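# Examining the three-dimensional arrangement
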Amino acid sequence: MVDKLTKKLADRLKRLRQERGWSLDRLAEESGLSRATLSRLEKAEVSPTTEVLSKLCRAYALAMSRLLAMVEENASPVVRHRDQLSWHDEKAGFLRRAVSPPDGHLVAEVLECELKAGARIAYDMPPLPGLEHHLVLLEGSLDVTIEGQRHRLTAGDCLRYRLFGASAFETNEESTARYLLLLV
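Residues numbered from 1 in each chain as written. Predicted model: local features only at pLDDT ≥ 70, side-chain atom pairs only at ≥ 80, totals over all residues. Heavy atoms only, no water.

A tally of regular secondary structure across the protein gives five helices and 10 strands. Against the 2.2 N^0.38 benchmark of 16 Å for 184 residues, the protein shows a C-alpha radius of gyration of 16 Å, consistent with a compact globule. Overall, the C-alpha framework of the protein stretches about 45 × 35 × 35 Å when taken along its three principal axes. When the 184 residues of the protein are sorted by exposure, 45% land in the buried category. Within the protein, contacts between residues at least 6 apart in sequence are counted, and of these 62% link residues at least 24 apart. Accessible surface computed for the protein: about 9,900 Å², of which carbon and sulfur atoms make up 50%. Across the protein, the centroid of the 27 positively charged side chains sits 4 Å from that of the 27 negatively charged ones. (Helix = DSSP H or I, 4+ residues; strand = E, 2+ residues; numbered from the N terminus. Rg over C-alpha atoms; globule rule 2.2 N^0.38 Å. Buried < 20%, exposed > 50% of the residue type's maximum accessible area, 1.4 Å probe, protein only. Contact = heavy atoms within 4.5 Å. Areas by Shrake-Rupley, 256 points an atom, 1.4 Å probe, with all protein chains shown as cover. Lys, Arg positive; Asp, Glu negative; His and termini not counted. Charge placed at Lys NZ, Arg CZ, Asp CG, Glu CD.)

For the pair helix α1 (residues 4–19) and helix α4 (residues 50–60), the least separation of the axes is 11 Å and the interaxial angle reads 30°. As the angle between them shows, α1 and α4 are arranged roughly parallel. In terms of crossing hand, the pair formed by α1 and α4 is left-handed. Contact residues: α1 offers L9, L13, L16 and R17, while α4 offers L53, L56 and Y60. The residue inventory of the contact of α1 with α4, partitioned by class, reads six nonpolar, no polar and one charged. (Axes fitted to C-alpha atoms, helices over the stretch in contact; angles between N-to-C directions. Parallel < 35°, antiparallel > 145°, perpendicular 65-115°, else oblique. Left-handed = near helix turned anticlockwise from the far one by under 90°. Nonpolar A, V, L, I, M, F, W, Y, C, P; charged D, E, K, R; others polar.)

Before going further, it helps to examine helix α3 (residues 35–42). Every buried residue of α3 is listed here: L38, S39, L41 and E42. Taken down its axis, α3 places every buried residue within 160° of arc, on the same side. Of the surrounding secondary structure, the elements contacted by the buried residues of α3 are α1, α2 (24–31) and α4. Once α3 finishes, A44 follows within two positions and takes phi at roughly 60°, a positive value. (Arc of directions from axis to C-beta.)

Read from one edge of the open sheet, six strands run β1-β2-β3-β10-β5-β8, paired in antiparallel fashion. Edge strands, defined here as strands with exactly one partner in the open sheet, are β1 (86–89) and β8 (158–163). Across the sheet, the mean angle separating the axes of adjacent strands is 20° when strand polarity is ignored. The sheet contact formed by strand β3 (residues 109–115) and strand β10 (residues 177–183) spans seven bridges and is antiparallel. Looking at β10, one finds that E109 is bridged to L183. (Pairing = 2+ DSSP bridges.)

Here it is in structure tokens:
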């Protein structure tokens, strides 16, 4: 059975491709993903991983949180915890919740993220180069590598940066990292 978010995300991905007038072959070229993978995603036969979403966002020049916000029902000034969209990549051990998702009138967004102990996620390029990030580590420890520069964070630390290139997030084997990420 397909969960509601996977189905809504599949529909949105298909609409994004169609709005650009792209074939699956063209999107495969732009994203570096196989045509078969893209077809399965658009049919909600599989749920995308963090890596796959990152490649699609880069092809569409969208921040991942903006893509996920496109599948939300409606925007409200108060975003109740129960209404905050969560997305889980079990394979990568990554959970992200849109605490304050973007909408047409607000530029900043706030994400709460959790990376399980011993996990690593990496992105070769940001979907939107130059986006401002403020990462506040709430619990655990986290190694963040931004364009080759490694930063070791402990609870309470804040890392501020504009992202133009590769990034990676890695936890040690002993502790899960939970952090807030503000994007502007």
